[in-house]
Each structure stands twice: as structure tokens, then as C-alpha cells.
Amino acid sequence: MTTIYPIPTLANRQNALFLEDMPLNELAQKHGTPLYVYSKAALQQAWDAWQYPNADRTIHLCYSVKSNSNIAILQFFAQRGSYFDIVSKGEMARVLAAGAPAAHIVFSGVGKTVAEIEFALEHGIHCFNVESLPELDRIHEVATRMGKRAPISLRINPDVDAQTHPYISTGLKENKFGIDHELAVEAYVYASTLSGLKITGIDYHIGSQLTTLAPFKDAQNRLFGLVKTLIERGIELEHIDLGGGLGVRYQDETPPAPAELIAQSLQGLRDAGFKHTLMYEPGRSMVANAGLLLTRVEYIKPTEYKHFAIVDAAMNDFIRPTLYQAWHGVVNTVTHDAPLVNMDIVGPICESSDWLAKDRALAVKTGDVLAILSAGAYGMTMSSNYNTRPRAAEVLVDGGLDFVICEREVLADLWINERLLSPIV
Ligand SMILES: *Cc1c(COP(=O)(O)O)cnc(C)c1O
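If you're wondering where the values come from, they're calculated on a predicted model, not measured in any experiment.

Analysis parameters
Residues numbered from 1 in each chain as written. Predicted model: local features only at pLDDT ≥ 70, side-chain atom pairs only at ≥ 80, totals over all residues. Heavy atoms only, no water. Helix = DSSP H or I, 4+ residues; strand = E, 2+ residues; numbered from the N terminus. Rg over C-alpha atoms; globule rule 2.2 N^0.38 Å. Buried < 20%, exposed > 50% of the residue type's maximum accessible area, 1.4 Å probe, protein only. Contact = heavy atoms within 4.5 Å. Areas by Shrake-Rupley, 256 points an atom, 1.4 Å probe, with all protein chains shown as cover. Lys, Arg positive; Asp, Glu negative; His and termini not counted. Charge placed at Lys NZ, Arg CZ, Asp CG, Glu CD. Near = heavy atom within 4 Å. Polar contact = N/O pair within 3.5 Å; in protein donor to acceptor, adjacent residues only side chain to side chain. 1 Å grid on protein atoms, 1.4 Å probe; cavity = no way out; pocket = protein on both sides within 12 Å on 5 of 7 lines; lining within 4 Å. Sits in = over half its atoms within 2 Å of the grid points. Axes fitted to C-alpha atoms, helices over the stretch in contact; angles between N-to-C directions. Parallel < 35°, antiparallel > 145°, perpendicular 65-115°, else oblique. Left-handed = near helix turned anticlockwise from the far one by under 90°. Nonpolar A, V, L, I, M, F, W, Y, C, P; charged D, E, K, R; others polar. Pairing = 2+ DSSP bridges. Points joined across faces, edges and corners; volume = space filled by probe spheres on them. Domains from an automatic or database assignment. Core = buried A, V, L, I, M, F, W, Y, C linked by side-chain atoms within 4.5 Å. Arc of directions from axis to C-beta. Phe/Tyr/Trp six-rings, centres within 6.5 Å; stacked < 30°, edge-to-face > 60°. Lys NZ or Arg CZ within 6 Å of the ring centre and 35° of its normal. Salt bridge = Lys/Arg side-chain N within 4 Å of Asp/Glu carboxyl O.

Caption draft 1: Representation of the overall build of the protein in the model. The helix and strand inventory of the protein stands at eleven helices and 21 strands. The globule rule puts the C-alpha radius of gyration for 425 residues at 22 Å, and the 23 Å found for the protein is close to it. Along the first, second and third principal axes, the C-alpha set of the protein runs to 70 × 65 × 40 Å. Burial statistics for the protein: of 425 residues in total, 55% are counted as buried. Considering only intrachain contacts with a sequence separation of at least 6, the fraction spanning at least 24 residues in the protein is 70%. Per element, the accessible surface of the protein, about 18,500 Å² overall, is 53% carbon and sulfur. Both charge centroids of the protein, one from 36 positive and one from 48 negative side chains, sit 2 Å from each other.

Written as C-alpha cells, this is what we have:
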């Protein structure tokens, strides 16, 4: 029996689980657990899926750095000409450290500080995605002081229901993101009066893990209507940025392919007679199914009600299950004759919310290494040191080779910035 996994380069061979040509059990032995592992070939497949060679205009993909910000991953995308969507000075510094030009950066986020705006203007980013009127004023002031004109795009909140988990839905008017659709034209007219600003575009980002085209189409129609009004008011834009949010398969979802989304956008642009450059900000769909998390089973704990597999990864390593009630596939990296038992996969942290998967039928023995699938996006970047647990290492697999792209955190580093109240005598 061959199982089709959501990670395209994952397969069972000779009773072992392989990522590309790498047996994952051996990789865990070599580097320790918990261990994030990424497949270079799967990253390439995701990147390729977003290419649309015969478009009638330039399409820039702005990889959303927050989904996975390891500098080796950023370098992978930079080498392929990617643009980057960032939400902090730190993310911008990472993108530069990965060798990408500042001119390929778009800066999103509702809370940009003066220092962040200065940093972005010094380096010369592609544009700010502005989320409020006070932010327009602030960018204008900082740019004027620096003798620059800041390229800006307004992030519009189109008030559409992305039909996804409420925590990752961002395009409803009660969300904190973007400028109200109703106030958008006024905001552009206002921005056009500020000499420190150069209006270059418009954008939205309506949510994450969207598995149908419909919300994208609703949002796009609303946005294109606005662009028409702006043109009538004499405000011309260079680019239209349709955000990120395309979903992936974790369990049995069937999200549209990137090419279907792009085709829908291009059709809408042509119908409207628009010649603008098109941009997207994909994160999850670039990396989620290029990665997994390896974790070793410390104990099997049968109770009267439930079986638990207690593993050495926890909610601090991977918070998506407990934060979003997210379902992730769990596969043993070795196949053997243990009985199939229904169990919860839980971590060692002192909280009942510390679980990675519930009610999975697995054949598992103590000491086995399990793979938590589709963990390439919002995995490592959302990890923490809760319970004073060093963060996991990260490895990239390329064929039969493995490269450490992030060393495992060292325990003593965890309190290196902390200070005692008095010397220890
Ligand atoms: C998080 C985010 C993205 C990426 O979303 P995905 O669902 O990972 O594709 C894109 N744009 C903005 C502004 C974001 O905040």
C-alpha cells in the first residue's frame, strides 16, 4: 500500500519513511529531536507551482517571511528572484542577511514604529503597505525629515468573509487590519496631498488557509471597483497586490492550485482593462508542505480513558494544533508490528493544551521517531522557550544530503540576557 502524503517528496520505502533520499529515522538519530526538516525539492515544487509563464504582465511573488524566516529558506527564494512581505524590522534584517535587495521588500503590519520606517527608508524598500491614516501621517513625517519620498500602497479591508479560522481571518471590517473599504478613496485623496509620499499601489490580505477561490474573487471585485474610482479621481497606481492566504492540504482539503488563483486574478484585471503589475504575498502555500517536525516518543501511557504517546516536542515547538485546533498528519518513521492503537500525541509541558494530535490510530513503541507533517509554515517561527525548552534545530534535505540551517539552541543561552539580583556567594 502506498500512502500519498501532503508533502510531495515524502514516501515509505523498505519499512522506513524517507524525505527525498533521506531516511528520517537516521536523520533524527544524527541531529537529535525535536527537529524541523525541510525538503529542498518540495520548496522548489511550491515555488514552481506559483510561476505563471504566459501572463500578460509582470507578477511579483512576495514570500511572506513570517511563515518561515530561516535565512537559508529566504536565500532559496531570493536566488529565484522572489520579493518578500515583511512585518517587522527584524524580518527585514533577515531578508537583507539572506542576500535579497531591499527593493524587493514590501512592508506590511498595523504597528510600524518610527525606527522601522526609518530603517526601511534608509534601505529603499519597494513599498509600505499602509494600514491606517495615522500611519500615513507618520510615514510622511519620517520621509520628509529624511528628505525622501516613501512609496506607499494602502491595505484595504474589503469586508469579505474568508471562511477560515477566526484567528487567521483578516478581511472582515471588525478585524484590526487595513483601511475600511468605505474610507479608501478619501484615504488615497488624503495621501496624495502628503509630499513625503509616493502612491504606488493598493493591496489586501483577507486571511489564511483559504481553500476556495470564491472569497478571493469577492475581495478582488471590491478592490477593482475601488481602483476604477481612483482612476476617475486622477489617482493612478502601478501595482495591485492581492495578498497571501492560499490554503494547503493538511488532511483532506482540496485548495485551488496557485495557477487557478492567478488565472482568476488576470481575468478580472483584463475585464477591468487594468494594466497594473500584479503581486501576491504567499507564505503557507510556499513552505507548509515542504517541512515536517520529527519527535521521539518518550513514553506510551495507557489510561482508563485514553492512550497517550508522550513525545519530546511540545506546544513551544509547534503551537498550531493547540492555537488553531489545526490537524496535522502524524506518521511513524519506522514501520513495525506494534498493534494499531488510538492515541493522543502530547508533549511534556505542564498544560492540557500541550498536544500535537488527537485520536490517531498509530503503531508506536517507546523510542520511535514520529513525523508531524506539513509543519513548514508557522512552525519554527511561532516556537518559544516556554518551560525553558531550547528551540529545535532545523535541517534542509537535498537528495541524500542534509544541511543544518539552524543549530539547536543551547540551554545556557536561554538566560544569557537575564541578571541576578545579587552575586551568588
Ligand atoms: C501572514 C500574511 C501573509 C501570508 O499569508 P499565508 O496565509 O501564509 O499565505 C501575506 N500577507 C500579509 C499581510 C500577512 O500578514
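Caption draft 2: Quick peek at the site of the ligand. In the neighbourhood of the ligand, 14 residues make up the surrounding shell, with Lys66, Ser208, Glu281, Arg284 and Tyr378 lying closest. The side chain of Asp85 places a nitrogen or oxygen atom 3.3 Å from a nitrogen atom of the ligand. A distance of 2.2 Å is found between an oxygen atom of the ligand and a side-chain nitrogen or oxygen belonging to Ser208. Considering the ligand on its own, with 390 Å² of exposed area, one finds that the protein chains cover 94% of that surface. Put simply, the ligand lies in the largest pocket.

Caption draft 3: Fine view of the packing of helix 5 (residues 114–123) against helix 6 (residues 133–145). Remark: helix 5 packs on helix 6, axes separated minimally by 10 Å, with the N-to-C direction vectors making an angle of 50 degrees. Classified by the angle between their axes, helix 5 and helix 6 sit oblique to one another. Note on packing geometry: the crossing formed by helix 5 with helix 6 is right-handed. Across from Val114, Ile117, Glu118 and Leu121 in helix 5, the residues of helix 6 making contact are Arg138, Ile139, Val142, Ala143 and Arg145. Its residues assigned to classes, the contact of helix 5 with helix 6 comprises six nonpolar, no polar and three charged.

Caption draft 4: Representation of the pairing of strand 5 (residues 59–64) within the structure. With respect to burial, strand 5 is a largely interior element, five of its six residues being buried. By the bridge criterion, three bridges tie strand 5 to strand 13 (residues 277–280) in an arrangement that is parallel. Note on strand 13: the bridge partner recorded for Ile59 is Leu278. Pairing of strand 5 with strand 6 (residues 83–86) involves three bridges; the strand directions are parallel.

Caption draft 5: A look at the environment of Leu43. You can see Leu43 is positioned in helix 2 (residues 40–49). Remark: the alpha-carbon pair of Leu43 and Leu223, spanning 180 residues in sequence, is separated by 31 Å. In this structure, Leu43 is in contact with Ile73, Phe76, Phe77, Met286, Val287, Ala290 and Leu396, ignoring residues within four places of it in sequence.

Caption draft 6: The layout of surface pockets, seen in detail. In this structure, the largest pocket spans a volume of roughly 610 Å³. Across the lining of the largest pocket, the residue classes break down as nine nonpolar, eleven polar and ten charged. Two domains each donate at least three residues to the lining of the largest pocket, and these are domain 1 (10–39 + 288–415) and domain 2 (51–281). Of the voids in this model, the second largest pocket is the one considered here, and its volume is about 510 Å³. Lining the second largest pocket we find 26 residues, and of these Thr3, Tyr5, Val330, Val331 and Asn332 sit closest to its centre.

Caption draft 7: Quick look at the nonpolar core. Grouped together as the largest cluster of nonpolar side chains are 99 residues, with contacts concentrated most on Phe77, Phe128, Ile152, Ile202 and Ile345. It is helix 8 (residues 214–232) that provides the largest number of residues to this core, a total of seven residues. Of the residues that make up this core, three or more belong to each of domain 1 (10–39 + 288–415) and domain 2 (51–281). Setting aside anything within four residues of it in sequence, one finds Ile152 in contact with Cys127, Phe128, Val130, Leu136, Ile139, Ala191, Leu197, Lys198, Ile199, Thr200 and Gly201. One finds Tyr5, Leu19, Val369 and Val397 within the second-largest nonpolar core, a separate group that totals 20 residues.

Caption draft 8: Layout of helix 4 (residues 89–97). Taken residue by residue, helix 4 has Glu91, Met92 and Val95 as its buried positions. One face of helix 4 carries all of its buried residues, which in axial projection span an arc of 100 degrees. Just downstream of helix 4, Gly99 is the residue with a positive phi angle, here 90 degrees.

Caption draft 9: Structural context of the packing of aromatic side chains. Applying the stated rule across the entire model yields eight aromatic pairs. Where Tyr63 meets Phe77, the ring centres are 4.4 Å apart and the plane angle is 35 degrees; that geometry is what we call tilted. One end of the pair, Tyr63, is in strand 5; the other, Phe77, is in helix 3 (residues 71–79), and 14 residues separate them in sequence. With relative accessibility at 0%, the residue Tyr63 sits in the buried group. Its end group placed over the ring of Phe119, Lys89 keeps NZ or CZ at 4.9 Å from the ring centre.

Caption draft 10: Structural context of the pattern of salt bridges. Under the defined criterion, the tally for this structure stands at 14 salt bridges. In this structure, Lys112 engages Glu135 in a salt bridge whose closest nitrogen and oxygen atoms are separated by 2.6 Å. In this pair, Lys112 sits in the loop between strand 7 (105–107) and helix 5 while Glu135 sits in helix 6, placing the two residues 23 residues apart along the sequence. Residue Lys112 shares its accessibility class with Glu135, and that shared class is buried.

Caption draft 11: Inspection of the pairing of strand 15 (residues 307–311) at higher detail. Where strand 14 (residues 291–302) and strand 15 come together, five bridges link them in antiparallel fashion. Within strand 15, the residue paired with Ile300 across the bridge is Ala309. Between the antiparallel neighbours strand 14 and strand 15 lie four residues. Relative to strand 17 (residues 341–346), strand 15 runs parallel, the two being bridged by four bridges. Bridged to Ile310 within strand 17 is Val346.

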